[in-house]
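# Structural overview for review
One letter stands for each residue in the lines below.
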Amino acid sequence: MDGSAAPEVRSTCPYCGVGCGVLLRPDGAGGLTVRGDPDHPANRGRLCSKGSALGETVGLERRLLAPLIGGQTADWETALQLVADGFNQAIDQHGPDSVAFYVSGQLLTEDYYIANKLMKGFIGSANIDTNSRLCMASTVAGHRRAFGTDTVPGTYDDIEEADLVVLVGSNLAWCHPVLYQRLLAARKARGTRIVVIDPRRTASCDGADLHLALEPGSDVALFNRLFAEIYEAGAIDAAFLLNTEGFDDTLRQAWCNGVEATGLSPEEVAEFCRLWICTEKVVTIFSQGVNQSTSGTDKVNAIINCHLATGRIGRPGMGPFSVTGQPNAMGGREVGGLANMLACHLELENPDHRAAVRGFWDAPAMPEAAGLKAVDMFRAVADGRIKALWIIHTNPAVTLPEADAVREAIARCPFTVVSDVSATTDTARLADVVLPAAAWGEKDGTVTNSDRTISRQRAILPPPGLARPDWAILAEVGQRMGWRRAFDYQTPAEIFREYAALSGVAGRFGRDFDISGLSDIDDTAYAALPPTRWPVTAARSGGRFFGDGRFFHDDGKARLLPVAPRAPAARTEPRYPFRLNTGRVRDQWHTMTRTGLSPRLSAHLAEPFLEIHPEDALRLGLAPADLAELTSPTGRAILRVRITDAVRPGQVFAPMHWTAETAPSARIDALVAAATDPVSGQPESKAAVVAVAPFRAA
Ligand code: SF4
């Protein structure tokens, strides 16, 4: 049937944190036509290759259509009761901290809110963490240390209003392509200068004025030098500094570190400092290259320090700017989906905040201490402390560091539940119960993008088979566990209203996140909700934070943090002489559950690969397209060689998308050690150590 007469439905792309608006229409052949929404403020009609191919990925291939128990098809009644009983039994026998949820930035905010409410308010444990821990936890920690709350100061418009944009550990061209398109358009219109700081020469370097190929992990040394040079040049904003604490200690620390560890020439460092200091409108964008590090939080603060010292924050065209990987990483942060947070940016370890949330939920229990962060959660699964585990829309058997050990831990867990759209992921294959979840295009709710804009995802297709939305699955389990009234929801709009009302409670504590202006939104207005940047209160809507010099620490001031450079935790040595950087390719998303369904996307880079410098390849006897064997202290992989001077001698790069299902010998995170940032708990995924050799079949 021809779908061309059907009205278009406005929704949001389910991939990266840019959060582009899309207009969808059934194509009459089971797929969708997709175009960029010209009215969405994130993309204004643009889409990248992944977003454009969304219509090719909505078929039934690999879809799970009914619950599975022990690999056998089951009905919902049996499966849900089994899940509720499994969790209740573990709690009764071993206490609330014997269970855990590992969730995902793929969840909609309403799903996330219910999962968090169930674990923290009713089960009484804080053992809920998210794959966003692998993505931006260091930014959350850095924001909270500097600002008092996890607040993104600026907006996407700042990127277009800047005269200098610095990309630190961010391949924006491939990982946030529409933002990169906006940056290139601004460059054409106003001559924006672009600096890329990245050990690897990426596609983002093509349009850059300066590429600083610094040594992995040495960002703090570079930004400390910038801080010292700002002072030497008299570029400190003394008036703005009155809104901060910590300047003297930070300057002392900045002075005492050299820049040798960066591996950059004095001329390169001087040119970077000159550009930064001489350009008032500067936006510093940072992403996984900063966050995925054992010094990730310090790197974030080293960047923020420079913006605070110059007052270049919260004003048009200025500010530090974290771009998030996942479509709803921000929503997860806002609902308290991290093991150390409460909903609405309230603090789990603050008794007044805990009491307020507990009172609002009328909750029987509330943990007083942070729960297990992602890496520690799976260690607790491995050593038997976790007896029941629910993994929702994520694939930790592939994506967590030391992935082989994680896979074994999940297999040994006494009771594992997975909610996903497919039962063929590496993780779902290990589960006792697999629940069929509705996919993008089949469910309703909201997501928040990197510049705090809340957008609606809307259903345009019916869920196939017995698939259900996640909020409904979670709420049903909550009811069956004994909390009928607290989890009696009929629609996502109901959940959103409750969440917005809770944010009003948070607002009374002077927190940044407040959407109480939406707490009485009716179903019709929720259905039509346009993209809306928070905060949304009676007094304020959207805009930037901090331009007025008011921050969220109790004294209203920001904190400059003295941070010392630290090398990555894993050290190269004769047995493991190469530094392995892991990352993403342009046309794939995470473990390819969806993008892998599009032949067009798979044609870009069809198989996993290893980038290696020509000198290293020659020395090892590797020719283009040879197979190389990588070994690390934790794992092994076999990859096709691509010889390129985009990586420096002694360094190699490999993408992380491939799984046991799609390329059994290319699970890159099996090679990555589970070392984490001591503040944020984020693993160091970009500085593993490996040996490389030609692969010889046995
Ligand atoms: Fe989707 Fe990100 Fe591409 Fe926008 S830039 S279309 S959100 S993947």
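Residues numbered from 1 in each chain as written. Predicted model: local features only at pLDDT ≥ 70, side-chain atom pairs only at ≥ 80, totals over all residues.

Looking at an unreviewed UniProt entry, the protein chain carries the name Nitrate reductase, with the source organism given as Seohaeicola zhoushanensis. Taken verbatim from the UniProt record of the protein chain, the Sequence similarities (unreviewed entry) comment is "Belongs to the prokaryotic molybdopterin-containing oxidoreductase family. NasA/NapA/NarB subfamily." (UniProt positions renumbered as here; feature names shortened; annotations may be inferred.)

Once that is clear, we can look at the packing of helix H16 (residues 374-382) against helix H18 (residues 403-412). Two numbers describe how H16 lies on H18: the axes approach to 8 Å, and their chain directions differ by 50°. Of the possible angle classes, the one that applies to H16 and H18 is oblique. In the crossing of H16 with H18, the sense of the turn from one axis to the other is left-handed. Two secondary-structure elements touch here, H16 through Phe378, Val381 and Ala382 and H18 through Ala405, Val406, Ala409 and Ile410. (Axes fitted to C-alpha atoms, helices over the stretch in contact; angles between N-to-C directions. Helix = DSSP H or I, 4+ residues; strand = E, 2+ residues; numbered from the N terminus. Parallel < 35°, antiparallel > 145°, perpendicular 65-115°, else oblique. Left-handed = near helix turned anticlockwise from the far one by under 90°. Contact = placed C-beta atoms within 7 Å.)

In this section: the UniProt feature "domain: 4Fe-4S Mo/W bis-MGD-type" (unreviewed entry) in the protein chain. Summarizing the sequence annotation, UniProt attributes the feature "domain: 4Fe-4S Mo/W bis-MGD-type" (unreviewed entry) to residues 6-62 in the numbering used throughout. Within the segment residues 6-62, helix and strand shares are 7% and 26% respectively, and the terminal C-alpha atoms sit 27 Å apart.

If you check the domain split of the protein chain, you get domain 1 (9-57), domain 2 (68-135 + 329-513), domain 3 (137-323) and domain 4 (578-694). Using C-alpha coordinates to define each centre, domain 2 is positioned 34 Å away from domain 3. If you look at the interface, domain 2 gives 11 residues, while domain 3 gives 12 residues. Here the residues of the side of domain 2 that touches domain 3 sort into two nonpolar, three polar and six charged. (Domains from an automatic or database assignment. Nonpolar A, V, L, I, M, F, W, Y, C, P; charged D, E, K, R; others polar.)

It is worth spelling out the confidence of the model for the protein chain at this point. Looking at the protein chain, pLDDT values average 95 and 99% of them are 70 or higher. This prediction of the complex comes with two scores: 0.96 for pTM and 1.00 for ipTM. (pLDDT = per-residue confidence, 0-100.)

This part takes up the site of the ligand. In the neighbourhood of the ligand, 14 residues make up the surrounding shell, with Cys13, Tyr15, Cys20, Cys48 and Gly51 lying closest. Looking at the shell around the ligand, the elements with two or more residues in it are helix H1 (49-52) and helix H7 (177-190). A breakdown of the residues in the shell around the ligand according to their chemical character gives nine nonpolar, four polar and one charged. In this structure, the shell around the ligand is formed jointly by two domains, domain 1 (9-57) and domain 3 (137-323), each of which donates at least three residues. (Near = placed C-beta within 6 Å.)

Counting along an α-helix, one turn takes 3.6 residues, and residues three or four places apart therefore face a common direction. Taking 1.5 Å of rise per residue, the 19 residues of helix H2 (residues 76-94) would be expected to cover 27 Å, and the 27 Å separating its terminal C-alpha atoms lies within 8% of that figure. Of all the residues in H2, the buried ones are Ala79, Leu80, Val83, Gly86, Phe87 and Ala90. Looking down the long axis of H2, one finds its buried residues gathered within 125° of arc, a one-sided arrangement. Counted as exposed and oriented over 90 degrees from the buried face of H2: Glu77, Thr78, Asp92 and Gln93. Packed against the buried residues of H2 are strand S4 (68-69), strand S6 (99-103), strand S14 (388-392), strand S15 (415-420), strand S16 (433-436) and helix H19 (470-480). (Expected span 1.5 Å × (residues − 1). Buried ≥ 20, exposed ≤ 12 C-beta atoms within 10 Å, placed from the backbone. Arc of directions from axis to C-beta.)

Regular strands show a simple pattern: their side chains alternate between the two faces of the sheet. Across four bridges, strand S22 (residues 609-612) lies against strand S24 (residues 636-643) in parallel orientation. The residue bridging Glu611 from the neighbouring strand is Arg642, located in S24. Of the strand pairs in this sheet, strand S23 (residues 627-631) and S24 are connected by five bridges, and their pairing is antiparallel. Note that in S24 the partner of Thr631 across the bridge is Arg636. (Pairing = 2+ DSSP bridges.)

Right, let's talk about the environment of Val689 for a bit. For Val689, the position within the fold is in strand S26 (residues 688-694). Counting along the chain gives 58 residues from Val689 to Thr631, while the straight-line C-alpha distance between them is 8.7 Å. Val689 has contacts with Ala570, Arg571, Thr572, Tyr576, Phe578, Arg579, Leu580 and Ser632, leaving out every residue within four places of it along the chain.

Counting residues in hydrophobic clusters, the biggest one holds 136 residues, and the most contacted among them are Ala115, Val652 and Val690. A total of eight residues in this core trace back to one element, the largest contributor, which is helix H3 (residues 109-123). Setting aside anything within four residues of it in sequence, one finds Val690 in contact with Tyr576, Phe578, Leu580, Leu630, Thr631, Ser632, Val652 and Leu671. (Core = buried A, V, L, I, M, F, W, Y, C linked by C-beta atoms within 7 Å.)

Let us now look at the pairing of strand S17 (residues 445-448). Neither face of S17 is left uncovered, since the one carrying Gly445 and Val447 and the one carrying Thr446 and Thr448 both have all their residues buried. Bridge analysis of S17 against strand S18 (residues 453-457) gives four bridges, and the strand direction is antiparallel. Looking across to S18, one finds that Thr446 is bridged to Arg456. Hairpin connection of S17 to S18: four residues between the antiparallel strands, including Arg452 at a positive phi of 70°.

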